[in-house]
Amino acid sequence: MFTGIITGLGRISAVLPLGDSASHGKRLTLDCPAHYLDDVALGDSIALNGACMTVTSLNTAAQQFTVDISSESLSKTAGLDTIGGVNLEKALRANDRLGGHMVSGHVDGIGQVTRFEQVGESWILQISAPSALGKYLAYKGSITVNGVSLTVNQVQDLAEGCLVSINLIPHTLQNTTLGSLHSGAHVNLEIDLIARYVERMLSPGAVLAA
């Protein structure tokens with residue numbers, strides 16, 4: 001579990017194919033900030049742009065770690081198959097503060113940025129989300145964008161999808177990779193965990209044990 005509060009800015013510095021076919025995944029090498037890996041062990045979970053991955057090797061001297069990502073995960077996420085910056089978050093500990101919201105690290109869909117511009121001291125981020133996610137998104141509800149816990153300011157259902165508007169403060173842009181977004185960029189989206197279970201319980205055919 002995660003909170004959507006980014007704990008470090010990392011960089012994918014190498015992408016190594018794990019086989020010759022499209023069914024094979026890739027091994028990613030991540031560069032981290034100084035001392036970021038001091039409390040990390042093999043097998044720990046770290047979210048990369050909102051996608052939960054397992055640490056498969058560590059080089060604390062170089063502040064690097066690797067993860068293996070399957071072809072299935074690559075097909076369901078954005079930005080994890082190329083060299084570049086990523087948001088990092090270590091898994092939530094039982095005694096940690098829950099500063100964002102409950103995040104599973106499972107990407108529910110890929111959205112596309114349709115607007116990203118400054119308005120006053122803040123920035124407006126608009127994302128076209130898949131229609132299937134629309135029912136889970138609500139005004140003042142939570143959404144995770146590239147691993148960052150954010151508050152929805154507006155939701156508009158359209159024929160081609162669901163348009164979500166978010167307000168970003170300068171602190172968020174300075175401490176995440178969201179400042180590098182642009183119109184047309186693809187982002188990883190995760191819906192609110194509670195909304196997922198509420199929808200399941202209220203759906204036709206759902207059976208609740210007595």
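Structural notes, computed from the coordinates. (Residues numbered from 1 in each chain as written. Predicted model: local features only at pLDDT ≥ 70, side-chain atom pairs only at ≥ 80, totals over all residues. Heavy atoms only, no water.)

This paragraph deals with the overall build of the chain. Summing up its helical and strand segments, the chain has 3 helices and 13 strands in all. For the chain, whose C-alpha radius of gyration is 18 Å, the value lies close to the compact-globule estimate of 17 Å for 210 residues. The buried share of the chain, taken over its 210 residues, is 42%. Contacts in the chain between residues at least 24 apart in sequence constitute 67% of all its contacts with a sequence separation of at least 6. (Helix = DSSP H or I, 4+ residues; strand = E, 2+ residues; numbered from the N terminus. Rg over C-alpha atoms; globule rule 2.2 N^0.38 Å. Buried < 20%, exposed > 50% of the residue type's maximum accessible area, 1.4 Å probe, protein only. Contact = heavy atoms within 4.5 Å.)

Moving on: the pattern of salt bridges. One pass over the full model with this rule turns up 7 salt bridges. Between Arg27 and Asp68 there is a salt bridge, with its nearest N and O atoms 2.7 Å apart. Here Asp68 lies in strand β6 (residues 64–69) and Arg27 lies in strand β2 (residues 26–31), a separation of 41 residues in the sequence. Judged by relative accessible area, which is 33%, Arg27 ranks as partly exposed. (Salt bridge = Lys/Arg side-chain N within 4 Å of Asp/Glu carboxyl O.)

Bridge count between strand β10 (residues 142–145) and strand β11 (residues 148–158): 4 bridges; the pairing is antiparallel. By the bridge assignment, Ile143 is partnered in β11 with Leu150. Between the end of β10 and the start of β11, which pair antiparallel, lie 2 residues, with Asn146 showing a positive phi angle near 50°. Both β11 and strand β12 (residues 161–168) contribute to a ladder of 6 bridges, which runs antiparallel. If you follow Gln156 over to β12, its bridge partner there is Leu163. (Pairing = 2+ DSSP bridges.)

Reading across the sheet, the 7 strands line up as β4-β3-β7-β1-β2-β6-β5 and stay open at both edges, with antiparallel pairing between neighbours. Taken across any chain shown, the strands that pair with only one partner, and hence form the sheet edges, are β4 (51–54) and β5 (57–59). Direction aside, the axes of adjacent strands within the sheet are offset by 35° on average. Summarising the sheet, strand β1 (residues 8–17) and strand β7 (residues 84–90) pair through 5 bridges and their orientation is antiparallel. By the bridge assignment, Arg11 is partnered in β7 with Gly85. (Axes fitted to C-alpha atoms, helices over the stretch in contact; angles between N-to-C directions.)

To continue, consider the nonpolar core. If you look at the biggest cluster of nonpolar residues, it comprises 25 residues, and the most contacted ones within it are Val145 and Ile166. Listed by contribution, the elements that provide at least two residues to this core are β8 (109–119), β9 (122–129), β10, β11, β12 and β13 (186–191). It is β12 that provides the largest number of residues to this core, a total of 4 residues. Apart from the residues within four sequence positions on either side, Ile166 is in contact with Trp123, Ile124, Leu125, Ile127, Ile143, Val145, Leu150, Thr151 and Asn153. One finds Ile12, Leu37, Ile69 and Val86 within the second-largest nonpolar core, a separate group that totals 20 residues. (Core = buried A, V, L, I, M, F, W, Y, C linked by side-chain atoms within 4.5 Å.)

Counting across every chain of the model gives 1 aromatic pair. A cation over an aromatic ring shows up here: Lys90 above the ring of Tyr36, its NZ or CZ 4.3 Å from the ring centre. (Phe/Tyr/Trp six-rings, centres within 6.5 Å; stacked < 30°, edge-to-face > 60°. Lys NZ or Arg CZ within 6 Å of the ring centre and 35° of its normal.)

A few words now on the pairing of β13. Here β13 lies mainly inside the structure; 5 of its 6 residues are buried. Alignment of β8 against β13, held across 4 bridges, turns out to be antiparallel. Within the sheet, the bridge partner assigned to Gly109 lies in β13 and is Leu189.

Pairing between sheet strands relies on hydrogen bonds along the backbone, with the strands arranged either parallel or antiparallel. In spatial order, the strands read β8-β9-β12-β11-β10-β13; together these 6 strands close into a barrel with antiparallel pairing. Direction aside, the axes of adjacent strands within the sheet are offset by 45° on average.

If you walk through the whole model with that rule in mind, you get 1 cavity of 30 Å³ or more. The volume enclosed by the largest cavity comes to roughly 40 Å³. If you go around the largest cavity, the residues you meet are Phe2, Ile6, Ala47, Gly50, Asn87, Leu88, Glu89, Val103, Thr144 and Gly147. The residue inventory of the lining of the largest cavity, partitioned by class, reads 5 nonpolar, 4 polar and 1 charged. (1 Å grid on protein atoms, 1.4 Å probe; cavity = no way out; pocket = protein on both sides within 12 Å on 5 of 7 lines; lining within 4 Å. Points joined across faces, edges and corners; volume = space filled by probe spheres on them. Nonpolar A, V, L, I, M, F, W, Y, C, P; charged D, E, K, R; others polar.)

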